[in-house]
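Structural description and commentary
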Amino acid sequence: MFGICNLAIVPIRLEASDRSEQVSQLLFGDHFKIIEQTEKWTKIEVAFDNYIGWIDNKQYFEINEEQFHTIENAPEILNSDLIEYISTPNNQLIPIPLGSCISFLDNDSINRNNYSFEGLKTCGIKDKSNLIKTAFMYLNAPYLWGGKTPFGIDCSGFTQMVYKLNGYKILRDASQQSAQGDALSFIEESEPGDLAFFDNEEGSIIHVGIMMEDNYIIHASGKVRVDRLDHLGIYNAETNRHTHKLRVIKKII
């Protein structure tokens, strides 16, 4: 069994309960495999990054295996503006956030509600130099655990969505992302778009941000913000202290 998200933003929860923490989100057009179902909840595996969690049964519609593979094999077309709208035949508007997938709208067998989209689109692999421009679209987005949109985002959701909008796949959590790419020996070797990872006292990766020029970093901490980076970690000029301890810088592309 398979499904596709037909709402703007759907929480993916750790457990099958409205009170359970949000660990990630589905955006409009995200498709997934169905692992398990209960009367109210569905356990899913997201196709894009293999992330597993629970969603409400009322917040998606089912598709068959053939439709799932049709979406998998089609070029991924994404909304490239902060917010756009899907329109329905009866003139209802569904707002969708930056990074929502609209590929399935071209397939009549999957687009059963006859949704249409006339907004800005992006598709395909972009040059690495475009990553920082995309990152700035999320500037000042409030921090939200499990979030993936300009209306609330966490550190690894931010890096994943910036890369996704430029045609690259990276995993969902900071610890997972830190296992990808090639490690750099020095900050000076980094390029804008490389990922910097930070650990806690136990050595676990707990934070990630995107390198910019001149030892600056853009990352989600309280909000998506720009700070200085040195060999110790992220330095917050507002509080005059280091906030995150640098572990490694990775070149993903």
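Our structure's up above, just so we're on the same page.
The present account deals with the structure reproduced in this document. The numbers attached to residues start from 1 for each chain and follow its sequence in the written order. At least 70 in pLDDT is required for a residue's local features to be given in this predicted model, at least 80 for side-chain atom pairs to be given and counted, and no such filter applies to totals for whole chains, interfaces and linings, which use all residues. As a convention, hydrogens and water are excluded, and side-chain values are obtained from all of the structure's heavy atoms.

**A closer look at the nonpolar core**
Put simply, a nonpolar core is a bunch of buried Ala, Val, Leu, Ile, Met, Phe, Trp, Tyr and Cys residues held in one set by side-chain atoms that sit within 4.5 Å of each other. Under the scheme applied here, a residue whose accessible area is under 20% of the maximum for its type counts as buried, over 50% as exposed, and between as partly exposed, the area being computed with a 1.4 Å probe on protein chains only. By size, the foremost hydrophobic cluster in this structure holds 29 residues, and its most contacted members are Tyr138, Phe158, Ile210 and Val224. A helix here means a DSSP run of H or I that spans at least four residues, while a strand means a run of E at least two residues long, and both kinds are numbered starting from the N terminus. Counting residues per element, the ones that place at least two in this core are α2 (131-135), α3 (155-165), β16 (195-199), β17 (205-211) and β18 (216-221). No other element matches the six residues that α3 contributes to this core. Not counting chain neighbours up to four residues away, the residues in contact with Phe158 comprise Ala135, Tyr138, Ile153, Ile210, Ile218, His219, Ala220 and Val224. Counting residues in hydrophobic clusters, the runner-up holds 18 residues, among them Phe2, Phe61, Ile94 and Phe104. By definition in these notes, contact holds between two residues if any of their heavy atoms fall within 4.5 Å.

**Some thoughts on the pattern of salt bridges**
Between Lys or Arg on one side and Asp or Glu on the other, a salt bridge is scored when a side-chain nitrogen of the former is within 4 Å of a carboxyl oxygen of the latter. Considering all chains together, one arrives at twelve salt bridges under this definition. One salt bridge in this structure joins Asp154 and Arg172, with 3.2 Å as the shortest N-O distance. Here the residue Asp154 occupies a position in the loop between β14 (152-153) and α3, and Arg172 occupies one in the loop between α3 and α4 (174-177), the gap between them amounting to 18 residues. Looking at Asp154, the relative accessible area reads 6%, which means it is buried.

**Describing the layout of surface pockets**
Lining residues are those with an atom within 4 Å of a point, where the points come from a 1 Å grid over the protein atoms alone and group into cavities, where a 1.4 Å probe fits but cannot get out, or pockets, open sets with protein on both sides within 12 Å along at least five of seven lines. Grid points are joined across faces, edges and corners, and a volume is the space filled by probe spheres set on the points. Roughly 350 Å³ of internal volume is contained in the largest pocket. If you trace the largest pocket, you find 23 residues lining it, with Phe48, Ala74, Pro75, Glu76 and Lys169 closest to the centre. Of all the secondary-structure elements, those providing two or more residues to the lining of the largest pocket are α1 (65-73), β12 (121-123) and α3. Gly falls in the polar group here, along with every residue not listed as nonpolar (Ala, Val, Leu, Ile, Met, Phe, Trp, Tyr, Cys, Pro) or charged (Asp, Glu, Lys, Arg). Along the lines of polarity and charge, the residues of the lining of the largest pocket split into eleven nonpolar, six polar and six charged. Every residue lining the second largest pocket is counted, 17 residues in all, and those nearest its centre are Trp145, Asp154, Ser156, Asp173 and Ile206. For the lining of the second largest pocket, the secondary structure elements donating two or more residues are α3, α4, β17 and β18. The biggest single contributor to the lining of the second largest pocket is β17, with three residues. Of the residues assigned to the lining of the second largest pocket, the class counts are nine nonpolar, four polar and four charged.

**Remarks on the environment of Glu191**
Among the secondary structure elements, Glu191 is positioned in the loop between β15 (182-184) and β16. If we ignore the near neighbours within four places in the chain, the residues touching Glu191 are Lys128, Met211 and Lys251. Within 3.5 Å is the distance limit for a polar contact, defined as a pair of N or O atoms, with the added protein rule that one can donate a hydrogen and the other accept it, and that residues adjacent in sequence qualify only through two side-chain atoms. A distance of 2.9 Å separates polar atoms of two side chains, one belonging to Glu191 and the other to Lys128.

**Considerations on the environment of Ile44**
Along the chain, Ile44 falls in strand β5 (residues 41-46). Assessed through its relative accessible area of 0%, Ile44 is described here as buried. Every residue in contact with Ile44, bar those within four places of it in the chain, is listed here: Ile12, Leu26, Phe32, Lys33, Ile35, Tyr51, Ile52, Gly53 and Ile55.

**What to know about the side chain of Arg225**
Along the polypeptide, Arg225 turns up in strand β19 (residues 223-229). Filtering out sequence-adjacent residues up to four positions away, Arg225 remains in contact with Leu139, Ile217, Ile218, His219, Asn236 and Glu238.

**Describing the pairing of β16**
Of all five residues making up β16, five are buried, and the element is well covered by its neighbours. Residues Leu195, Phe197 and Asp199 line one face of β16 and the alternating positions Ala196 and Phe198 line the opposite face, and both faces are buried. When DSSP finds at least two bridges between two strands, those strands are taken to pair. Examined bridge by bridge, β16 and β17 share five bridges and lie antiparallel to one another. Considered in β17, the bridge of Leu195 is made with Ile210. Linking β16 to β17, which pair antiparallel, is a turn of five residues; within it Gly203 sits at a positive phi near 90°. As defined by bridge partners, β16 adjoins strand β21 (residues 241-251) across five bridges and the pair is classed as antiparallel. Among the inter-strand pairings, Leu195 is bridged to a residue of β21, identified as Lys250.

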